[in-house]
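The chain contents come next:
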Amino acid sequence: MTQNELKQAVAQAAVEYVIEQVPEGSIIGVGTGSTANCFIDALARHRTRFRGAVASSEATHKRLAGHGFTVFDLNDVDRIPVYVDGADEIDGSLNMIKGGGGALTREKIVAAVADCFICIADGSKLVQTLGKFPLPVEVIPMARAYVARQLAALGGEPVWRQGFVTDNGNVILDVKGLHISDPKTLEAQINQITGIVTNGLFAQRPANLLLLGTENGVERRR
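Residues numbered from 1 in each chain as written. Predicted model: local features only at pLDDT ≥ 70, side-chain atom pairs only at ≥ 80, totals over all residues. Heavy atoms only, no water.

Participant: With reference to specific residues and values, describe the sheet that holds strand 1 (residues 27-30).
Facilitator: If you walk across this open sheet you meet the seven strands as 3-2-1-4-7-13-14, and the pairing is mixed. Among the strands making up the open sheet, the edge pair consists of strand 3 (71-72) and strand 14 (217-221). Contacts between helix 1 (residues 3-21) and the sheet are confined to strand 4 (80-85), strand 7 (114-122), strand 13 (209-214) and strand 14, with strand 7 contributing the most and set at about 155 degrees to the helix. (Pairing = 2+ DSSP bridges. Helix = DSSP H or I, 4+ residues; strand = E, 2+ residues; numbered from the N terminus. Contact = heavy atoms within 4.5 Å. Axes fitted to C-alpha atoms, helices over the stretch in contact; angles between N-to-C directions.)

Participant: How would you sum up helix 2 (residues 34-43)? Please name residues and give values.
Facilitator: Since the α-helix advances by 3.6 residues per turn, residues separated by three or four positions end up pointing in the same direction. Extensive coverage of helix 2 is indicated by the burial of seven of its ten residues. Those residues of helix 2 lying buried are Thr35, Ala36, Cys38, Phe39, Ile40, Ala42 and Leu43. Here the buried face of helix 2 lies against helix 1, strand 1, helix 3 (58-66), strand 4 and strand 7. (Buried < 20%, exposed > 50% of the residue type's maximum accessible area, 1.4 Å probe, protein only.)

Participant: I'd like a rundown of the environment of aspartate 78, residues and numbers included.
Facilitator: Structurally, aspartate 78 can be placed in the loop between strand 3 and strand 4. Overall, aspartate 78 belongs to the exposed group, its relative accessible area being 81%. Here the alpha-carbon distance between aspartate 78 and threonine 105, two residues 27 residues apart in the chain, equals 19 Å.

Participant: Got a sec to walk through the packing of aromatic side chains? Specific residues and values, please.
Facilitator: Scanning the model with the defined rule gives two aromatic pairs in all. Both rings, one in tyrosine 83 and one in phenylalanine 117, keep their centres 5.1 Å apart while their planes meet at 50 degrees; by these two values the pair is tilted. One end of the pair, tyrosine 83, is in strand 4; the other, phenylalanine 117, is in strand 7, and 34 residues separate them in sequence. Summarising the burial analysis for this pair, tyrosine 83 and phenylalanine 117 share the class buried. (Phe/Tyr/Trp six-rings, centres within 6.5 Å; stacked < 30°, edge-to-face > 60°.)

Participant: How would you sum up a nonpolar patch on the surface? Please name residues and give values.
Facilitator: Residues Ile140, Met142 and Val197 make up a contiguous nonpolar surface patch of roughly 300 Å² in combined accessible area. Along the chain, the position of isoleucine 140 falls in the loop between strand 8 (135-139) and helix 5 (144-153). Classification of isoleucine 140 by relative accessible area gives partly exposed; the value is 35%. (Patch = residues over 30% accessible without salt bridge, like charges linked within 9 Å, V, L, I, M, F, W, Y side chains within 5 Å. Areas by Shrake-Rupley, 256 points an atom, 1.4 Å probe, with all protein chains shown as cover. Salt bridge = Lys/Arg side-chain N within 4 Å of Asp/Glu carboxyl O.)

Participant: Describe the pairing of strand 2 (residues 52-55), listing the residues and the values that go with them.
Facilitator: Two faces belong to every sheet, and in a regular strand the side chains alternate between them. Side chains Gly52 and Val54 project from strand 2 onto one buried face, and the interleaved Ala53 and Ala55 project onto a second face that is buried too. The pairing of strand 1 with strand 2 spans four bridges and is classified as parallel. Residue pairing across strands places glycine 29 opposite valine 54, the latter belonging to strand 2. In this region the chain leaves strand 1, passes through helix 2 and returns to the parallel neighbour strand 2; the handedness of that crossover is right-handed. Sheet analysis places strand 2 next to strand 3, joined by two bridges and oriented parallel. Paired with alanine 53 across the bridge in strand 3 is valine 71. The parallel pair strand 2 and strand 3, bridged by helix 3, forms a crossover whose chirality is right-handed. (Right-handed = clockwise from strand over helix to strand, strands pointing away.)

Participant: I'd love a proper account of the packing of helix 2 against helix 3, names of residues and values included.
Facilitator: Between two packed helices, both the angle of their axes relative to each other and the distance between the axes serve to describe the pair. Where helix 2 contacts helix 3, the axes come no closer than 10 Å and their chain directions differ by 20 degrees. When the axis of helix 2 is compared with that of helix 3, the two are roughly parallel. Here helix 2 runs over helix 3; the crossing is right-handed. Facing helix 2, whose interface residues are Asn37, Ile40 and Asp41, helix 3 presents Thr60, Arg63 and Leu64. Across the contact of helix 2 with helix 3, the residue classes break down as two nonpolar, two polar and two charged. (Parallel < 35°, antiparallel > 145°, perpendicular 65-115°, else oblique. Left-handed = near helix turned anticlockwise from the far one by under 90°. Nonpolar A, V, L, I, M, F, W, Y, C, P; charged D, E, K, R; others polar.)

Participant: Could you give me a rundown of the pattern of salt bridges, with the residues and numbers involved?
Facilitator: What the rule picks out here adds up to nine salt bridges. Linking arginine 63 and aspartate 41 is a salt bridge whose minimum nitrogen-to-oxygen distance equals 2.9 Å. Of the two residues, arginine 63 sits in helix 3 while aspartate 41 sits in helix 2, which places them 22 residues apart along the sequence. On the accessibility criterion, arginine 63 (32% relative accessible area) is partly exposed. Across the salt bridge formed by lysine 98 and glutamate 107, the nearest N and O atoms sit 3.4 Å from each other. Grouping residues by exposure puts lysine 98 and glutamate 107 together as buried. Through salt bridges with shared partners, a single network forms among Asp85, Lys98 and Glu107.

Put into structure tokens, the structure is as follows:
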């Protein structure tokens, strides 16, 4: 199977899981990226089953609305039973690196609200140790150089993602060269640096369920 076919397979598996597990009339959270887009497209056939969705980015908002979903502001929602999103890397404990598309802060906020976080990914995203994929860090623009120096002191190689601005009006530093053996501790440590909005480690709030696309079908891992 091609990578795109694997993404389609896990997206369909996520739709089936959500329909089975989530009460009709619920508001669900939806992530950002190519695999999340596959989920949105597959979910559209069941749009009327849900009251609506909360989007983790402006791009996701636009795609959901284009399929006829009502898109809610998170401030107007008390509860999200499930959040479905992809990952750039995920380990065996379901810790993730996310933010390759730059939506990490909103993704992290929606994930924090959700009762259940479902990660959908093809098999290439599963790793033993996080860090081969550069760790995205969202930074207040005026703090970019200072934060870069602090990240370098932690052993990383921060690279400014030039020409890119997040939906929140901030910049991204992609940190290369990290071997992340303790993602929960590193997530907290990086977030303590003044000027950082958040980083793309999802270890304080990992996924609850991984739907992993493989040549042998979609695996469920908890």
